[in-house]
Amino acid sequence: MSKKKSTKKTKTDKTLGDLVRAYLTEQIDVILGAEPALRDRGPVIHDTRVACRRLRSTLRTYPEAVDTHRAAALNEEVVWFAGLLGAVRDLEVLTDRLLADLAELPPDLVVGPVVADLEQELATQQSAAWDAVVEALDTDRYRRLAAELDRWRSDPPFTEKAKAPATKVKTFVKRADKLLTKRLDRAIEAHLADDPEADVALHSARKAGKRARYAVELAAPVLGEKADEIIAGRKELQDILGEHQDSIVAAAFLRSEGVRLGIRSGHNGFSYGVLYGREVSRQAMISEQLRPFLS
């Protein structure tokens, strides 16, 4: 009796579309599955936001594999939703950062009710950001987004190029890496030249770094063990650039709050200035931190 021929794809006969679909499905599962916890204001903001970022990155890194019009429309709506999530997450990060820095200061440098002021202001902003997320879940716009994500999960709008062998993924990984190298070199040049646009360039390099990392994650079934090594390096770069961006955000907040509260009776802007100085010092270290990653 003859055995039935297996229809299961092997590692060698997978297509580019198979890899893209698997990665997109993973991200969509996270995004759609987060809704109940988001309604309860549970601790899923970070993971959901990252899934949105990975999804958008995939659409931008592998554009030839999917219908460009539907990809552009989906990207626009994911940007909207991720922006709401990001407002909450950024305030969580900022709160943890500033309170930890305050705890490290000598008591004589913590002047006035700065801890209570920061906690109250950031909690108020975070509550409002959460309100915006929860309210968005009941809008027609979100329901349309969820429906479109579900369609992408069940039937991605692939092009003929998605039928290419899975090994084609290496071309897209190289392209993402080339973009990262170009942006990073340009950003460091700008920073060393005291270009006023240096921070914008560093943020652009950070986004390219994430895209390159996610491209490798998607390609891991083809790249094998090499993928883990590349991802680790990309994660280190992402951490450095992320810390720099967090410092910029924190410095802007501290300057604004120090000016606002420093002129109110019973308050003092001194400690905000101390914290601001720490952030500026951290930002000055970026060139040396990034030296190992330069081409």
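Everything numeric in this text was worked out from a predicted model, so none of it was measured.

*Asks:* How should I be thinking about the overall build of the protein in this particular structure?
*Replies:* Scanning the protein from terminus to terminus reveals 11 helices and 0 strands. Going from the N terminus to the C terminus, the protein shows its helices and strands as α-α-α-α-α-α-α-α-α-α-α. Over its C-alpha atoms, taken along the principal directions, the protein stretches across nearly 90 × 50 × 35 Å. Here the protein holds 295 residues, and the buried ones make up 43% of them. The contacts of the protein with a sequence gap of at least 6 include a subset with a gap of at least 24, amounting to 81%. A total accessible area of about 15900 Å² is found for the protein, and carbon and sulfur atoms account for 53% of it. Separation between the mean location of the 47 positive side-chain charges and that of the 46 negative ones in the protein comes to 9 Å.

*Asks:* What am I meant to see in the pattern of salt bridges here?
*Replies:* One side chain can pair with another of opposite charge once the charged atoms of both are near each other. In this structure the tally under the stated criterion is 26 salt bridges. Of the charged contacts in the structure, one is a salt bridge between Arg-175 and Glu-64, with a shortest N-O distance of 3.0 Å. Here Glu-64 lies in the loop between α3 (45-61) and α4 (68-104) and Arg-175 lies in helix α7 (residues 169-192), a separation of 111 residues in the sequence. Take Glu-64: its relative accessible area is 28%, and that puts it in the partly exposed class.

*Asks:* Can you walk me through unusual backbone geometry in this structure?
*Replies:* One non-glycine residue, Arg-41, lies in the positive phi region at around 60°. With respect to the element layout, Arg-41 can be found in the loop between α2 (35-39) and α3. Located in the positive-phi region is Asp-194, a residue other than glycine, with phi close to 55°.

*Asks:* Before we go on, may I ask you to explain the nonpolar core in this structure?
*Replies:* Within soluble globular proteins, side chains that are nonpolar tend to cluster in buried spots. Counting residues in each nonpolar core, the largest one holds 82 residues, and the members touching the most others are Leu-38, Leu-55, Tyr-62, Phe-81 and Leu-290. Considering each element in turn, this core owes the most residues, 13 residues, to α4. The contacts of Leu-55, once residues within four sequence positions are left out, are Leu-24, Gln-27, Ile-28, Ile-31, Leu-74, Val-78 and Leu-149.

*Asks:* Any chance you could explain the side chain of Asn-75 here in plain terms?
*Replies:* Looking at where Asn-75 falls in the secondary structure, it is placed in helix α4. For Asn-75, a relative accessible area of 17% puts it in the buried group. Leaving out residues up to four positions away in the same chain, Asn-75 has contacts with Arg-56 and Leu-59.

*Asks:* Whenever I open this one, the packing of aromatic side chains confuses me. Can you help?
*Replies:* Each aromatic ring pair is specified by the distance between its two centres and by the angle formed by the two planes. Across all of its chains, the model carries 3 aromatic pairs by this definition. On the numbers, 5.0 Å between centres and 40° between planes, the contact of Tyr-62 with Phe-172 is tilted. Of this pair, Tyr-62 sits in the loop between α3 and α4 while Phe-172 is found in helix α7, placing the two residues 110 residues apart along the sequence. Phe-172 matches Tyr-62 in its accessibility class, with the two residues each being buried. Plain terms: the ring middles of Phe-81 and Tyr-142 are 5.2 Å apart, the flat faces sit at 45° to each other, and that makes the pair tilted. Of this pair, Phe-81 sits in helix α4 while Tyr-142 sits in helix α6 (residues 140-154), and the two are 61 residues apart along the sequence. Assigned by exposure class, Phe-81 and Tyr-142 land together as buried. By way of ring pairs, the aromatic residues Trp-80, Phe-81 and Tyr-142 are connected into one cluster.

*Asks:* Even after reading the chapter, I still don't get the layout of surface pockets, so can you show me in this structure?
*Replies:* If you roll a probe as big as a water molecule over the atoms, it shows you where there is empty space left. For the largest pocket, the calculated volume is near 1100 Å³. Along the wall of the largest pocket there are 37 residues; nearest its centre are Arg-49, Arg-53, His-203, Arg-206 and Lys-210. Of all the secondary structure elements, the ones that give two or more residues to the lining of the largest pocket are α1 (16-33), α3, α4, α8 (198-223) and α9 (225-262). No other element matches the 11 residues that α3 contributes to the lining of the largest pocket. Among the residues forming the lining of the largest pocket, the class breakdown is 10 nonpolar, 9 polar and 18 charged. Within this model, the second largest pocket holds a volume of roughly 220 Å³.

*Asks:* Looking at this model, I keep getting lost on α7. Mind explaining?
*Replies:* Count 3.6 residues to each turn of an α-helix, and residues three or four apart come out pointing the same way. The end-to-end C-alpha distance of α7, which contains 24 residues, comes to 35 Å, matching closely the 34 Å that a straight helix rising 1.5 Å per residue would cover. All buried positions along α7 are accounted for by Val-169, Phe-172, Val-173, Ala-176, Leu-180, Leu-184, Ala-187, Ile-188, Ala-190 and His-191. At the C-terminal side of α7, Asp-194 shows a positive phi close to 55°.

*Asks:* Would you mind showing me how to read the side chain of Gln-245 here?
*Replies:* Position of Gln-245 relative to the elements: it lies in helix α9. Gln-245 gets classed as buried once you look at its relative accessible area, which sits at 18%. Contact partners of Gln-245, with chain neighbours within four places excluded, come to His-203 and Arg-206.

Rules used in this analysis
Residues numbered from 1 in each chain as written. Predicted model: local features only at pLDDT ≥ 70, side-chain atom pairs only at ≥ 80, totals over all residues. Heavy atoms only, no water. Helix = DSSP H or I, 4+ residues; strand = E, 2+ residues; numbered from the N terminus. Buried < 20%, exposed > 50% of the residue type's maximum accessible area, 1.4 Å probe, protein only. Contact = heavy atoms within 4.5 Å. Areas by Shrake-Rupley, 256 points an atom, 1.4 Å probe, with all protein chains shown as cover. Lys, Arg positive; Asp, Glu negative; His and termini not counted. Charge placed at Lys NZ, Arg CZ, Asp CG, Glu CD. Salt bridge = Lys/Arg side-chain N within 4 Å of Asp/Glu carboxyl O. Core = buried A, V, L, I, M, F, W, Y, C linked by side-chain atoms within 4.5 Å. Phe/Tyr/Trp six-rings, centres within 6.5 Å; stacked < 30°, edge-to-face > 60°. 1 Å grid on protein atoms, 1.4 Å probe; cavity = no way out; pocket = protein on both sides within 12 Å on 5 of 7 lines; lining within 4 Å. Points joined across faces, edges and corners; volume = space filled by probe spheres on them. Nonpolar A, V, L, I, M, F, W, Y, C, P; charged D, E, K, R; others polar. Expected span 1.5 Å × (residues − 1).

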